[in-house]
Amino acid sequence: MSEGLTFHFNVDGEDFTSAGQASVMMKKNLRQLGLPPEIIRRVSVAMYEGEINMVIHAGGGVADVNVTENYVEIILTDSGPGIKDIEQAMQEGFSTATDSIRSLGFGAGMGLPNMKRYSDYMHIDSEVGKGTTITMRVNIN
Amino acid sequence: MTVKELAETDIFSPVTLPCGGREISGVYIGDLLSWVMGRASSGQAWITIMSNVNILAVASLADTSCIILAEGVTLEQEIIDTAREKEINILKSEKSIYDIAVFLSKII
Ligand SMILES: Nc1ncnc2c1ncn2[C@@H]1O[C@H](COP(=O)(O)OP(=O)(O)O)[C@@H](O)[C@H]1O
Ligand SMILES: [Mg+2]
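What you see is a predicted model, and the numbers here were worked out from it, not measured in a lab. (Residues numbered from 1 in each chain as written. Chains lettered and ligands numbered in written order. Predicted model: local features only at pLDDT ≥ 70, side-chain atom pairs only at ≥ 80, totals over all residues. Heavy atoms only, no water.)

*Asks:* Looking at this structure, how should I read the packing of helix α1 (residues 21-32) of chain A against helix α3 (residues 54-62) of chain B?
*Replies:* A pair of packed helices is captured by two measures, namely the crossing angle of their axes and the spacing between those axes. Taken N-terminus to C-terminus, the directions of α1 of chain A and α3 of chain B make an angle of 25°; their axes are 10 Å apart at the nearest point. One way to sum up the angle between α1 of chain A and α3 of chain B is to call them roughly parallel. Considering the relative orientation of α1 of chain A and α3 of chain B, their crossing is left-handed. Contacts from Ser23, Val24 and Lys27 of chain A in α1 of chain A reach Ala57, Ser60 and Leu61 of chain B in α3 of chain B. Considering only residue class, the contact of α1 of chain A with α3 of chain B consists of 3 nonpolar, 2 polar and 1 charged. (Axes fitted to C-alpha atoms, helices over the stretch in contact; angles between N-to-C directions. Helix = DSSP H or I, 4+ residues; strand = E, 2+ residues; numbered from the N terminus. Parallel < 35°, antiparallel > 145°, perpendicular 65-115°, else oblique. Left-handed = near helix turned anticlockwise from the far one by under 90°. Contact = heavy atoms within 4.5 Å. Nonpolar A, V, L, I, M, F, W, Y, C, P; charged D, E, K, R; others polar.)

*Asks:* Can you walk me through the sheet that holds strand β5 (residues 90-92) of chain B in this structure?
*Replies:* Backbone hydrogen bonds are what pair the strands of a sheet, in a parallel or an antiparallel way. Residues and elements named next belong to chain B. Across the sheet, 5 strands lie side by side as β1-β5-β4-β3-β2; this open sheet has mixed pairing. Looking at the sheet topology across the chains shown, the edges are occupied by β1 (13-16) and β2 (26-29). Neighbouring strand axes in the sheet, compared pairwise and without regard to direction, differ in orientation by 30° on average. Inspection of the sheet shows strand β3 (residues 44-48) paired to strand β4 (residues 66-69) by 4 bridges, in the parallel sense. Among the inter-strand pairings, Ile47 is bridged to a residue of β4, identified as Ile68. The sheet strands contacting helix α4 (residues 77-85) are β1 and β5, and the helix crosses β1 at an angle near 80°. Helix-sheet contacts for helix α5 (residues 97-107) involve β2, β3 and β4, and the interaxial angle to β3 is about 160°. (Pairing = 2+ DSSP bridges.)

*Asks:* Looking at this structure, how should I read α5 of chain B?
*Replies:* Turn by turn, an α-helix covers 3.6 residues, leaving residues three or four places apart pointing in a common direction. Residue and element names in this part refer to chain B. Residues Ile97, Ile100 and Leu104 constitute the buried set of α5. The arc that holds the buried residues of α5, viewed along the axis, is 60°, so those residues lie on one side. Opposite the buried face of α5, at more than 90 degrees from it, the exposed residues are Tyr98, Ser105 and Lys106. (Buried < 20%, exposed > 50% of the residue type's maximum accessible area, 1.4 Å probe, protein only. Arc of directions from axis to C-beta.)

*Asks:* How should I be thinking about α3 of chain B in this particular structure?
*Replies:* Residue and element names in this part refer to chain B. Of all 9 residues making up α3, 9 are buried, and the element is well covered by its neighbours. Three or more residues of α3 are buried, namely Asn54, Ile55, Leu56, Ala57, Val58, Ala59, Ser60, Leu61 and Ala62. Just downstream of α3, Asp63 is the residue with a positive phi angle, here 65°.

*Asks:* Explain the site of ligand 1 here, please?
*Replies:* Residue and element names in this part refer to chain A. Around ligand 1 there are 19 residues in total, and Asn53, His57, Ser95, Thr96 and Gly109 lie nearest to it. In this structure, Gly109 approaches ligand 1 through a main-chain N or O atom, which is 2.8 Å from an oxygen atom. When the free accessible area of ligand 1 is taken as 540 Å², the share hidden by the protein chains comes to 95%. Take the shell around ligand 1: its biggest share by element is 4 residues, from helix α2 (residues 37-58). (Near = heavy atom within 4 Å. Polar contact = N/O pair within 3.5 Å; in protein donor to acceptor, adjacent residues only side chain to side chain. Areas by Shrake-Rupley, 256 points an atom, 1.4 Å probe, with all protein chains shown as cover.)

*Asks:* Honestly, the sheet that holds strand β1 (residues 5-12) of chain A in this entry has me stumped. Any pointers?
*Replies:* Residue and element names in this part refer to chain A. The sheet built from 5 strands is open, its strands ordered β1-β2-β3-β5-β4 with antiparallel pairing. Single-partner strands in this sheet number two, and they are β1 and β4 (121-127). Taking the axes of each pair of neighbouring strands and ignoring which way they run, one obtains an average angle of 10° across the sheet. In this structure, strand β3 (residues 71-78) lies alongside strand β5 (residues 131-139), joined through 8 bridges in antiparallel fashion. Within β5, the position partnered with Asp78 by the bridge is Thr132. Set on the sheet, α1 makes contact with β1, β2 (60-67) and β3; between it and β1 the angle comes to about 160°. Sheet strands in contact with α2 are β1, β2, β3 and β5, and its direction is about 5° off that of β3.

*Asks:* Please explain the nonpolar core as it appears in this structure.
*Replies:* For soluble globular proteins, the rule of thumb is that nonpolar side chains tend to be buried together. Within the largest apolar cluster, 63 residues are counted, with the highest numbers of intra-cluster contacts made by Tyr48 and Val65 of chain A together with Ile55, Leu56, Ile67 and Ile90 of chain B. Ranked by residue count, the leading element in this core is α2 of chain A, at 11 residues. Here Ile90 of chain B is in contact with Pro14, Val15, Thr16, Leu56, Ile67, Leu69, Leu75 and Ala83 of chain B, once residues within four sequence places are set aside. One finds Ile11, Phe12, Ala45 and Cys66 of chain B within the second-largest nonpolar core, a separate group that totals 15 residues. (Core = buried A, V, L, I, M, F, W, Y, C linked by side-chain atoms within 4.5 Å.)

*Asks:* Just to check I follow, could you spell out the environment of Thr9 of chain B for this structure?
*Replies:* Residue and element names in this part refer to chain B. With respect to the helices, strands and loops of the structure, Thr9 is situated in the loop between α1 (3-7) and β1. Thr9 sits in the buried class, given a relative accessible area of 18%. For Thr9, the residues in contact, after removing those within four places along its chain, are Met1, Phe103 and Ile107. Of the polar contacts made by the side chain of Thr9, one reaches the backbone oxygen of Leu6; its length is 2.6 Å.

Right under this line is the structure:
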């Protein structure tokens, strides 16, 4: 199989106003590559949720995206506080977001469930005090 | 019905209309961004009272045909400029979300 294309983004943890920018840029890239709209949508939603989580829960991080013939892979890496109980974090509605974050429309506790729902594969690797790496794949066709 | 046609009806006025020719496929209502992100489908008009800049990324990624700001909600000029740049249609209305939904169900 051919190597595939890779994209790298820094996700700023300070700046709420630019949150989601990496996902918006990635969507443009996928459009240019001519991927099917449904695949683009699924990647966009999954990546956006992960990106927002890095901003609101982890002080930022990096996003790496690999586009191969068979799938789009998104790897989100941060050095934030980590997730203590992944099973609990995966539950719809569970959130540790503050009220001020909620007032912006975030913190519904739907992010990780959305990421799971919109990807074909998802793995969370997290250590408290060290950080979190989330790998997601959306299969093409 | 296109977004431009909707903008020309009595209860709406355009805030930005960079892609007025876009067809409206249906309607989604919500203020929780993850909820909208996960549930709205492509082409739907999204009714909300949220007015922070993050609605632009959500509209763009969920691929809604337009954002409808209900209840007289307004946006800061900077957000309006960004929306134009990102080619996101935004309409506004003084009406309640319920009234807007009822109106849309009759004309779409
Ligand atoms: N990258 C991360 N670093 C640390 N904690 C995280 C991260 N992503 C998610 N979490 C934890 O998992 C919870 C659930 O995440 P999510 O489903 O996206 O809901 P929300 O972001 O709305 O709180 C968060 O409230 C947070 O406690
Ligand atoms: Mg989240």
